[in-house]
Amino acid sequence: MNSDTINTPNSTSSNTTQEAILRAENVSVTYGSFQALRGVTLDIPKNQVVAFIGPSGCGKSTLIRCFNRLNDLIPGTKVGGKVTYQGVDIYGDKVDPVQVRRRIGMVFQKPNPFPKSIYDNIAFGAKINGYKKSEMDEIVERSLRQAALWEEVKDKLKESGLSLSGGQQQRLCIARTVAIEPDVVLMDEPASALDPISTRKVEELIQELKENYTIVIVTHNMQQATRVADLTAFFNAEAEEGGKRFGYLVEYNKTEAIFNNPKEEYTRQYVSGRFG
Amino acid sequence: MSSLAEHSPRKGQSLEKQVDTVRVFDQSFYWLAVIGAIGIGGVLLWIAVQIGLSALPAIQSYGVDFLTTTTWDPVRNIYGVLPQIYGTLISAAIALVIAIPVGIGVAVFLSENFLPNAVRTPIALAIELIAAVPSVVIGLWGIYVLIPFLRPFYNFLYENFGWIPLFSTPPRGNSLLTLGLVLSVMILPTIIAISRGSLIALPRDLRQGALALGATRWETILRVLIPAAFSGIVGSIMLALGRAMGETMVAAMLVGNSNQITPSLLAPGATIASLIASQFGEAGREQVAALLYAGLILMILTLIVNILAEIIIQKFQNVE
């Protein structure tokens with residue numbers, strides 16, 4: 001369906017247990033003169049849920065936006081280091097960010113359905129990604145089922161996506177993301193604008209989506225990280241001389257280890273709620 | 001929190017309504033707004049009634065025939081405005097055909113980051129300033145600059161495409177086409193400013209959401225942003241159309257004031273507004289009534305346009 005700007009999986013992964021689908025190597029991000037993120041290296045293994053936690057301003061949202069090149073939209077952004085998707089440098093000269101985003105989908109903090117019908121919210125992405133019109137009904141139903149929204153909306157597909165509640169809107173956004181069958185789904189605090197019940201639904205959904213997708217989730221909610229994530233990366237912000245702050249990766253490990261037996265003092269303080 | 005602290009000295013007072021300066025101010029502002037709102041509606045009604053009453057003699061003597069006949073003869077007092085209705089609609093249509101694509105295109109261009117902000121803002125400002133040029137000045141520009149400039153082009157159209165009815169008469173400078181072109185320039189600022197405003201007002205999330213699905217920039221603009229700003233864009237077009245149909249000075253100066261209906265856009269014609277403007281000065285009693293009748297029809301035409309716009313917007317908003 002897509003032209004192959006990004007090639008098929010390679011075998012260069014050094015991770016012996018699981019293949020890394022996304023890899024950040026010494027990634028630094030600057031907005032103008034402000035360095036948001038410094039020297040991050042981590043692997044995102046396939047079909048795992050990876051949570052990014054850390055205090056505000058630590059660069060975790062910045063990093064997630066490097067993975068689908070959404071930082072490109074902010075003028076003056078520079079990404080240093082290397083981000084690879086299945087071994088291909090996604091900031092390479094020949095790479096089209098549009099193709100990257102077709103493989104690496106994203107769900108945002110605030111639900112942002114299009115001002116279109118529920119049906120068209122999902123069909124839009126599918127159409128521009130070359131899915132056939134004849135399959136559209138099927139795609140819409142499959143995606144809505146995957147996002148656990150089908151039963152609630154199946155009788156009102158023609159109604160506006162904006163007529164749904166916040167939690168439903170967020171699941172609609174998840175549905176439209178999975179409709180185009182990406183490999184990776186990035187989630188930037190997907191539940192922070194939702195009530196506890198909707199939050200739980202979204203979390204259950206993440207568990208189910210893990211079967212087919214790799215998920216990277218930014219969250220402020222540490223319980224959420226423990227509930228959904230296999231791996232957790234803790235980021236922190238530090239001020240250097242002159243008062244400029246920058247974010248960096250402190251520790252990255254199995255979620256259990258991060259929360260129960262962190263290696264770094266900062267991590268221990270953060271997960272025990274002593275700062276942040 | 002802070003408001004509690006501010007009001008704490010009043011804790012001892014009762015919960016009954018209090019008369020104090022704030023309340024009086026509140027109330028007077030409320031009534032001022034109510035009077036203003038009703039007053040504006042009242043003025044509209046007043047104008048409509050007054051024109052209707054003044055046109056009554058003409059309405060009685062010419063009736064519906066006024067709309068369907070083509071004679072305008074102040075000597076024998078026979079009046080019909082079909083050519084003027086035709087001219088009004090055609091010149092406005094020409095203006096829209098040009099101004100809609102150009103206007104929306106420029107609005108998109110100026111709402112995206114194709115150009116650095118330092119260039120974009122002055123351009124937007126300059127466009128809005130076109131709206132500030134007095135229409136009589138634009139009319140003079142049309143006569144002395146635009147018509148001489150366009151003449152070779154008109155000749156070319158006539159000589160090469162004269163077999164098409166639209167270009168089938170020897171070109172005169174003053175024509176429906178000239179008027180339509182100048183009107184399109186005059187209504188562009190309206191379309192651009194309002195469309196751009198509604199595009200800029202769209203939430204950033206919408207654009208990011210589309211791009212994150214792998215939409216290209218153009219897919220995002222054409223299939224998400226423009227539909228999302230649709231009601232604002234239609235609104236701008238309808239305002240512009242109202243202006244194009246009612247524009248008087250430019251019409252009187254450029255349309256040629258010729259009481260005829262021809263399919264040729266190169267021929268002179270007339271609009272309702274140009275008819276009233278060019279004849280009102282020397283009109284006798286019955287002719288004034290006929291002119292006011294024509295004015296009433298223009299009002300009704302613009303009213304219909306606005307109602308249509310309202311319906312289009314409503315229909316679209318059901319999906320929003």
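Residues numbered from 1 in each chain as written. Chains lettered and ligands numbered in written order. Predicted model: local features only at pLDDT ≥ 70, side-chain atom pairs only at ≥ 80, totals over all residues. Heavy atoms only, no water.

## Topic: the confidence of the model for chain A
Note that predicted coordinates carrying low pLDDT should not be read in detail.
Okay, so step 1: Scored by pLDDT, chain A comes out at a mean of 87, with 93% of its residues at no less than 70.
Okay, so step 2: Taken as a whole, residues 1-16 of chain A scores under 50 in pLDDT and shows 32 contacts with residues more than four places along the chain or in a different chain. (pLDDT = per-residue confidence, 0-100. Contact = heavy atoms within 4.5 Å.)

## Some thoughts on the UniProt feature "transmembrane region" (unreviewed entry) in chain B
All names here are of chain B.
Okay, so step 1: The UniProt feature table records "transmembrane region" (unreviewed entry) at residues 29-49, 85-111, 123-147, 176-199, 220-241 and 290-313.
Okay, so step 2: Summarising residues 85-111: 100% helix, 0% strand, and an end-to-end C-alpha distance of 37 Å.
Okay, so step 3: Annotation note: span residues 220-241, helix share 95%, strand share 0%, distance between end C-alpha atoms 28 Å. (UniProt positions renumbered as here; feature names shortened; annotations may be inferred. Helix = DSSP H or I, 4+ residues; strand = E, 2+ residues; numbered from the N terminus.)

## Brief notes about the domain arrangement of chain B
All names here are of chain B.
Okay, so step 1: Split by domain assignment, chain B resolves into domain 1 (15-59) and domain 2 (64-317).
Okay, so step 2: Between the C-alpha centres of domain 1 and domain 2 there is a distance of 32 Å.
Okay, so step 3: Counting from both sides, the interface comprises 10 residues of domain 1 and, opposite them, six residues of domain 2.
Okay, so step 4: Looking at the side of domain 1 facing domain 2, the largest losses of area belong to Ile51, Ala58 and Ile59, adding up to 55% of the total buried there.
Okay, so step 5: In this structure, the connection of domain 1 to domain 2 is made through zero salt bridges. (Domains from an automatic or database assignment. Buried area = accessible area lost by both parts, 1.4 Å probe. Salt bridge = Lys/Arg side-chain N within 4 Å of Asp/Glu carboxyl O.)

## Looking at the pattern of salt bridges
Residue and element names in this part refer to chain B.
Okay, so step 1: Counted by the stated rule, this structure contains 17 salt bridges over all chains.
Okay, so step 2: In this structure, the salt-bridge partner of glutamate 112 is arginine 207, at a minimum N-O distance of 2.7 Å. One end of the pair, glutamate 112, is in the loop between α4 (82-111) and α5 (117-130); the other, arginine 207, is in helix α8 (residues 204-212), and 95 residues separate them in sequence.
Okay, so step 3: Of the residues examined, arginine 207 reaches a relative accessible area of 25% and is grouped as partly exposed. (Buried < 20%, exposed > 50% of the residue type's maximum accessible area, 1.4 Å probe, protein only.)

## Points about the pairing of strand β10 (residues 245-254) of chain A
Residues and elements named next belong to chain A.
Okay, so step 1: In terms of strand pairing, strand β9 (residues 231-239) meets β10 through nine bridges, oriented antiparallel. In the sheet register, alanine 239 faces β10, and the bridge partner there is arginine 245.
Okay, so step 2: Where β9 folds back on β10, the antiparallel hairpin that results is connected by five residues, among which glycine 242 adopts a positive phi of roughly 95°. (Pairing = 2+ DSSP bridges.)

## Describing the UniProt feature "domain: ABC transmembrane type-1" (unreviewed entry) in chain B
Okay, so step 1: Following the UniProt record, one finds the feature "domain: ABC transmembrane type-1" (unreviewed entry) at residues 85-309 of chain B.
Okay, so step 2: The annotated region residues 85-309 of chain B carries 76% helix and 0% strand content, and the separation between its end C-alpha atoms amounts to 20 Å.

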